[in-house]
Amino acid sequence: MSSTVLIASNRGPVSFTLSEDGGLTMRRGGGGLVSGLSEVVRDTDVVWVCAALSDGDRGAVRQAPGGRLDQVFETGAIRMLDIPPAIFHRAYNAVANSTLWFVNHLLYNTPFSPEFGTRFRREWESYRTYNGTFALALAEEAAPRARVVVQDYHLTLTPAMLRIDRPDLRIGHFSHTPWAPPEYFALLPEDVAAEVLTGILGADHAGFLTARWARSFMDCCEVLLGARVDHSARTVTYDGRTTRIGVHPLGVNGEELRARAAEPDVESHMAAIRDHVGDRKLIVRIDRTELSKNIVRGLRAYKEFLAAHPEWHGRVVHLAFAYPSRHDLPEYREYTAAVQRCAKEIEDEYATEDWDPLILNVNDDYPRSLAAYRLADVLLVNPIRDGMNLVAKEGPILSPRCALVLSREAGAAAELGADSLLVNPYDVSGTAAALHEALTMPEQERLTRGLRLRKAATALPPQRWFEDQLAALR
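Residues numbered from 1 in each chain as written. Predicted model: local features only at pLDDT ≥ 70, side-chain atom pairs only at ≥ 80, totals over all residues. Heavy atoms only, no water.

1. Considerations on the packing of helix H14 (residues 391-398) against helix H17 (residues 443-457)
Direction vectors running N to C along H14 and H17 enclose 125 degrees, while the axes themselves pass 8 Å from each other. When the interaxial angle is binned, H14 and H17 end up oblique. Judged by the twist between their axes, the crossing of H14 over H17 is left-handed. Along the contact surface, H14 presents Lys393, Pro396 and Ile397, while H17 presents Leu453, Arg454 and Ala457. Per-class residue counts for the contact of H14 with H17 are four nonpolar, no polar and two charged. (Axes fitted to C-alpha atoms, helices over the stretch in contact; angles between N-to-C directions. Helix = DSSP H or I, 4+ residues; strand = E, 2+ residues; numbered from the N terminus. Parallel < 35°, antiparallel > 145°, perpendicular 65-115°, else oblique. Left-handed = near helix turned anticlockwise from the far one by under 90°. Contact = heavy atoms within 4.5 Å. Nonpolar A, V, L, I, M, F, W, Y, C, P; charged D, E, K, R; others polar.)

2. Looking at the nonpolar core
Trp179 and Phe185 are the most contacted members of the largest nonpolar core, which has 161 residues in total. The element that contributes the greatest number of residues to this core is helix H3 (residues 85-104), accounting for ten residues. Setting aside residues no more than four positions away along its own chain, Phe185 makes contact with Val103, Asn104, Trp179, Ala180, Ala193, Val196, Leu197, Cys220 and Leu224. (Core = buried A, V, L, I, M, F, W, Y, C linked by side-chain atoms within 4.5 Å. Buried < 20%, exposed > 50% of the residue type's maximum accessible area, 1.4 Å probe, protein only.)

3. Notes on the side chain of Arg449
Residue position: Arg449 is located in helix H17. On the basis of relative accessible area, Arg449 is assigned to the buried category, the value being 16%. Setting aside chain neighbours within four positions, we find Arg449 in contact with Ala418, Asp419, Ser420, Leu421 and Met441.

4. Overview of unusual backbone geometry
Of note, the amide linkage connecting Ser113 to Pro114 takes the cis form, showing an omega dihedral of 10 degrees. As for its placement among the helices and strands, Pro114 is situated in the loop between H3 and helix H4 (118-141). A positive phi angle, near 55 degrees, is found at Leu106, a position not held by glycine. Positive phi, normally seen in glycine, also occurs at Arg145, with a value near 60 degrees. Position of Arg145 among the secondary structure elements: in strand E7 (residues 142-151).

If you want it as structure tokens, here you go:
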């Protein structure tokens, strides 16, 4: 039962929940990749290889021969890997999320971290094992000369490992994160940095969300590996093989998003928000409580805006939705606490009996997020660094008159920057000034910018994004 198209990612297109009586309930996963895949490979023999992430997932795997779950979603089969929890934890939390994510988002507090000692070496060995498990499963599932698309920083070693066992395959890798410049990527131990780079260079095609991230990867290969790089042709030649580098921006399926945002649960949330804020202007942010999202500086910018513009007191509300992320890591728990402290400072200083200047919510609620998009006058997206940031694209689609305040360090700035108010994410005062400019932007300018933002945001929807990656492997 071999397949001609394979996808590999840490998270799969479905998940399972284990009930008290031992039964399993399946639900479809979310995100652009699932949506895009559903359309692209509807009539294609495809297998999606992913990790079992929960007790329910592991229960489903153990009931299925070889972990192969056939006909559980409309686009094909799933091979779910039951990786031992200790190995998974070290590979996923210690290496992928606490090392590779930190490097590529430039997040280290370098006087104190990173520190690569014997503990890290054990964690790195688990990351190797995790990647090797994926490579073995892909080798088993792939038909001769099949196309394999490996997704993201969790699986940087998989392409080279798979190449050893199955040199006949057409292999792609896609990075959803930014990529660090060589001088920062070199924080990694030399052998580890080389292993990550050569792991991806095991692919025939390595894709990135923006030309900037692709260029940084090529620079790392040139400086740290001594590879031969052709920047104009976007190729990297190393150890006798040439890998083509592609740029594939990810957009939004606007029609699908608008249809979901018109559902009754979203309308109900819109009514509740209106009841709470009245006719006040709305500054909206929607993020995971992720270190790179820069929520604390965003809140401080709003506080500085209120201090500089008392004429807006009672006339504006900031809806800040900061949803939980990676709370098994201490840095993320501490960051969530810092967000809550900053929010309380704003409330304590500015709230009155009839005006709540800030509504902070840390409970994930997708319909409420869609409602906030639709009501937004200003959307604040100020990450320290981001591969793309689809929030910046979703907001203008659902609110035609929304002004976008956007970090220049978001990948989306490459496409949306001309019609956004671009900010330096570290400049709190500059962000405060941009919030004021966004609130006072003339209506016709809002509409004109919004039209161009929507066009750019929907230019390359998930289906096109995935088709382009498959086409690059023909």
